[in-house]
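# Geometric and topological summary
The lines below spell out each chain.
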Amino acid sequence: MNVSNVLKNLILMVIILFLGGCATTNNPDPLESMNRGIYKFNTAFDDTVAKPVAKGYKAVAPSFVVKGINNFFNNIRDIVTVINDLLQFKVKHALNDASRVAINSTIGILGFVDVHTMTGGERRKEDFGQTLGHWGVGSGAYIVIPFFGPSTVRDGFGLVADTLYFDPISYISDVRTRNQVRLGQFIDARTELLNASDILEEASIDPYAFQRDAYLQYRDSLVNDSDGSVDYDDENLLSDGYEPFTEEELVSSTANN
């Protein structure tokens, strides 16, 4: 992939985002009608395809395999975090997160064993949406992306940047292999959220509005590095030996407020 083209595309995205952020009104969800339609589609897809596959995978695969694969994809995700640490000039965090990747990729056998957490290390999450927010880009309108779920204009562009340019999976040259890894990543991500989705369904008579408000609050706390907004060491969030997941914390913490 040509580096200059990547930089040009990222610059163009930032310009569009600045314009979109300036146009934001007091209504965070001006596209609510369209968003609710996409939300219904995502819910139907999840109920008929994604959730049954995730449940079947978790039921069939040994727990240590599920955990190891989850660690593997989290380790890949940590690389994205390191890049965004550097883009935000968070040198201390970048060193911590880079050491996490190095330890887990070597001693932890490509990340299948999370040695860094076992020795008391902290897992953080940074993405390009947070990076744009860090440098003053407004979130723009709330949007629901098909298959991906809640987002904003800014975070949607951030997702594209992270996926296409920062995620090592995108640099797998063989298309078939890359698609297979992406499928595995999707199944792993959906398996993480099995408990969180159950909480969401029970949390409100309007799950759409609940998810929207929780997402916007959660993302705002991440962009502003609010103390305690993401506690990766909270053992109350653990489930079946998994590490705590930020999305699950998002749902549970909002339900308790």
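These remarks concern the structure in this document. (Residues numbered from 1 in each chain as written. Predicted model: local features only at pLDDT ≥ 70, side-chain atom pairs only at ≥ 80, totals over all residues. Heavy atoms only, no water.)

## Overview of the pairing of strand β1 (residues 142–145)
On β1, burial covers both faces: Tyr142 and Val144 on one face and Ile143 and Ile145 on the other are all buried. Bridging between β1 and strand β2 (residues 149–152) involves four bridges; their strand directions are antiparallel. Its bridge partner lying in β2, Val144 is registered against Pro150. As consecutive antiparallel partners, β1 and β2 are separated by three residues, and within that stretch Phe147 has a phi angle of approximately 75°, a positive value. (Buried < 20%, exposed > 50% of the residue type's maximum accessible area, 1.4 Å probe, protein only. Helix = DSSP H or I, 4+ residues; strand = E, 2+ residues; numbered from the N terminus. Pairing = 2+ DSSP bridges.)

## Let's talk about helix α2 (residues 32–60)
What sets the pattern is the α-helix's 3.6 residues per turn: residues three or four places apart point alike. With 29 residues, α2 should reach 42 Å at 1.5 Å per residue; the first-to-last C-alpha distance of 39 Å fits that figure. Looking only at α2, the buried set comprises Asn35, Ile38, Tyr39, Asn42, Asp46, Ala50, Lys51, Ala54 and Tyr57. (Expected span 1.5 Å × (residues − 1).)

## A short note on the nonpolar core
Ranked by size, the top nonpolar core spans seven residues in total: Val80, Phe128, Leu132, Val137, Ala161, Tyr165 and Phe166. Broken down by secondary-structure element, the contributors of at least two residues to this core are α6 (128–134) and α7 (153–166). A per-element tally of this core places α7 first, with three residues. Excluding its chain neighbours within four sequence positions, the residues that come into contact with Val80 are Glu126, Asp162, Phe166 and Asp167. Residues Ile38, Tyr39, Tyr142 and Tyr208 belong to the second largest nonpolar core, which totals six residues. (Core = buried A, V, L, I, M, F, W, Y, C linked by side-chain atoms within 4.5 Å. Contact = heavy atoms within 4.5 Å.)

## Quick look at the packing of helix α3 (residues 63–87) against helix α8 (residues 175–192)
Look at α3 against α8: their axes get within 10 Å of each other, and the N-to-C directions meet at 110°. As the angle between them shows, α3 and α8 are arranged roughly perpendicular. Crossing geometry of α3 relative to α8 is assigned as left-handed. Together, Val66, Ile69, Asn70, Phe73 and Asn74 of α3 and Val181, Gly184, Gln185, Asp188, Thr191 and Glu192 of α8 make up the contact between the two elements. Looking at the contact of α3 with α8 residue by residue, the class counts come to four nonpolar, five polar and two charged. (Axes fitted to C-alpha atoms, helices over the stretch in contact; angles between N-to-C directions. Parallel < 35°, antiparallel > 145°, perpendicular 65-115°, else oblique. Left-handed = near helix turned anticlockwise from the far one by under 90°. Nonpolar A, V, L, I, M, F, W, Y, C, P; charged D, E, K, R; others polar.)

## Considerations on the pattern of salt bridges
For the coordinates displayed, the defined rule picks out 19 salt bridges. Its salt-bridge partner being Glu32, residue Arg212 comes within 3.9 Å of it at the nearest N-O pair. Of this pair, Arg212 sits in helix α10 (residues 207–223) while Glu32 sits in helix α2; the two residues are 180 residues apart in sequence, bridging distant segments of the chain. Using a relative accessible area of 13% as the deciding quantity, one classes Arg212 as buried. Put simply, Asp29, Glu32, Arg36, Asp206, Arg212 and Asp213 are held in one network by salt bridges that share partners. (Salt bridge = Lys/Arg side-chain N within 4 Å of Asp/Glu carboxyl O.)

## Some words on the packing of α3 against helix α4 (residues 91–106)
It is at 9 Å that the axes of α3 and α4 come closest, and there the two elements cross at 155°. With respect to α4, the axis of α3 lies roughly antiparallel. Helix-helix and strand crossings are classified by hand; for α3 and α4 the assignment is left-handed. Residues Asn75, Asp78, Ile79, Thr81, Val82, Asp85 and Leu86 of α3 form the contact with α4, whose own contacting residues are His93, Ala94, Asp97, Ala98, Arg100, Val101, Asn104 and Ser105. A per-class count over the contact of α3 with α4 returns six nonpolar, five polar and four charged.

## A short note on the packing of aromatic side chains
Counted by the stated rule, this structure contains nine aromatic pairs. Pairing Phe45 with Phe147 gives two aromatic rings, centres 4.9 Å apart and planes at 85°, and the pair type is edge-to-face. Separated by 102 residues along the polypeptide, Phe45 in helix α2 and Phe147 in the loop between β1 and β2 bring together distant segments of the chain. Judged by relative accessible area, Phe45 falls into the partly exposed class, the value being 25%. Look at Phe147 and you get partly exposed, because its relative accessible area is 47%. Both rings, one in Tyr142 and one in Tyr208, keep their centres 6.3 Å apart while their planes meet at 70°; by these two values the pair is edge-to-face. Highlighted residues: Tyr142 in strand β1 and Tyr208 in helix α10, separated in sequence by 66 residues. Of the two residues, Tyr142 and Tyr208, neither departs from the other in class, the shared state being buried. Here the aromatic cluster, defined as three or more aromatic residues joined through ring pairs, consists of Tyr39, Tyr142, Tyr208 and Tyr215. (Phe/Tyr/Trp six-rings, centres within 6.5 Å; stacked < 30°, edge-to-face > 60°.)

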